[in-house]
Amino acid sequence: MAVSYTAVVDVDGEGRNGGRVRSSDGLLATSLALPEELGGAGGATNPEQLLAAGWAACFLGALRRAATTRRIRLTSTSITAEITLTHGDDGEFSLSAVLSPVLGGVDRATAQALAEAAHQICPYSKALRGNIPVAIHADAAA
């Protein structure tokens with residue numbers, strides 16, 4: 001398999017609680033903070049938000065590819081990605097996800113079928129499949 005692209009990101013400091021993130025090309029440079037909901041100061045992004053952003057962007061590309069393959073014209077695409085951090089009685093943390101794309105130019109059933117197809121081809125979905133619970137709730141744009 002040929003390599004298409006490699007993203008390189010450095011994180012320093014306290015990681016999710018006060019660290020800094022910087023990509024090798026300098027286009028991503030931000031602080032990290034533990035969310036207030038977890039007892040942190042908030043005021044900066046966190047790994048769950050970064051995962052949600054990356055997965056959502058990739059998923060929309062996969063949706064458009066699935067539509068093109070099926071010769072379906074989408075008039076608009078948007079998505080909300082929710083990444084939830086949970087912890088069990090044993091103190092271990094885990095993630096779950098909800099992906100909610102909204103597609104224009106199709107009915108709800110077609111939107112859901114395209115979302116399910118996209119989930120099969122999206123690299124983020126492939127990487128996380130079987131590792132975390134994922135729900136997909138597609139809708140048609142009004």
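Reading the values: rules and limits
Residues numbered from 1 in each chain as written. Predicted model: local features only at pLDDT ≥ 70, side-chain atom pairs only at ≥ 80, totals over all residues. Heavy atoms only, no water. Helix = DSSP H or I, 4+ residues; strand = E, 2+ residues; numbered from the N terminus. Expected span 1.5 Å × (residues − 1). Buried < 20%, exposed > 50% of the residue type's maximum accessible area, 1.4 Å probe, protein only. Contact = heavy atoms within 4.5 Å. Axes fitted to C-alpha atoms, helices over the stretch in contact; angles between N-to-C directions. Parallel < 35°, antiparallel > 145°, perpendicular 65-115°, else oblique. Left-handed = near helix turned anticlockwise from the far one by under 90°. Polar contact = N/O pair within 3.5 Å; in protein donor to acceptor, adjacent residues only side chain to side chain.

What follows covers helix 2 (residues 108-121). In a regular helix each residue adds 1.5 Å, so 14 residues correspond to 20 Å; helix 2 covers 20 Å between its end C-alpha atoms and thus fits that length. Of all the positions in helix 2, only A111, L114, A115, A117, A118 and H119 are classed as buried. Packing partners of the buried residues in helix 2 comprise helix 1 (47-69), strand 5 (93-104), helix 3 (123-128), strand 6 (134-136) and strand 7 (139-140).

Let's shift gears to the packing of helix 1 against helix 2. For the pair helix 1 and helix 2, the least separation of the axes is 8 Å and the interaxial angle reads 115°. Here helix 1 lies roughly perpendicular to helix 2, going by the angle between them. Along this stretch, helix 1 crosses helix 2, giving a crossing that reads as right-handed. Contacts between helix 1 and helix 2 involve W55, F59, A62, L63, R65, A66 and A67 on the former and, on the latter, L114, A115, A117, A118, H119 and I121.

Along the chain, the position of S125 falls in helix 3. Residue classification places S125 among the buried positions, given a relative accessible area of 0%. Here W55 takes part through its side chain, which lies 3.1 Å from a polar atom of the side chain of S125. In this structure S125 touches W55, F59 and H119, once residues within four positions along its chain are discounted.

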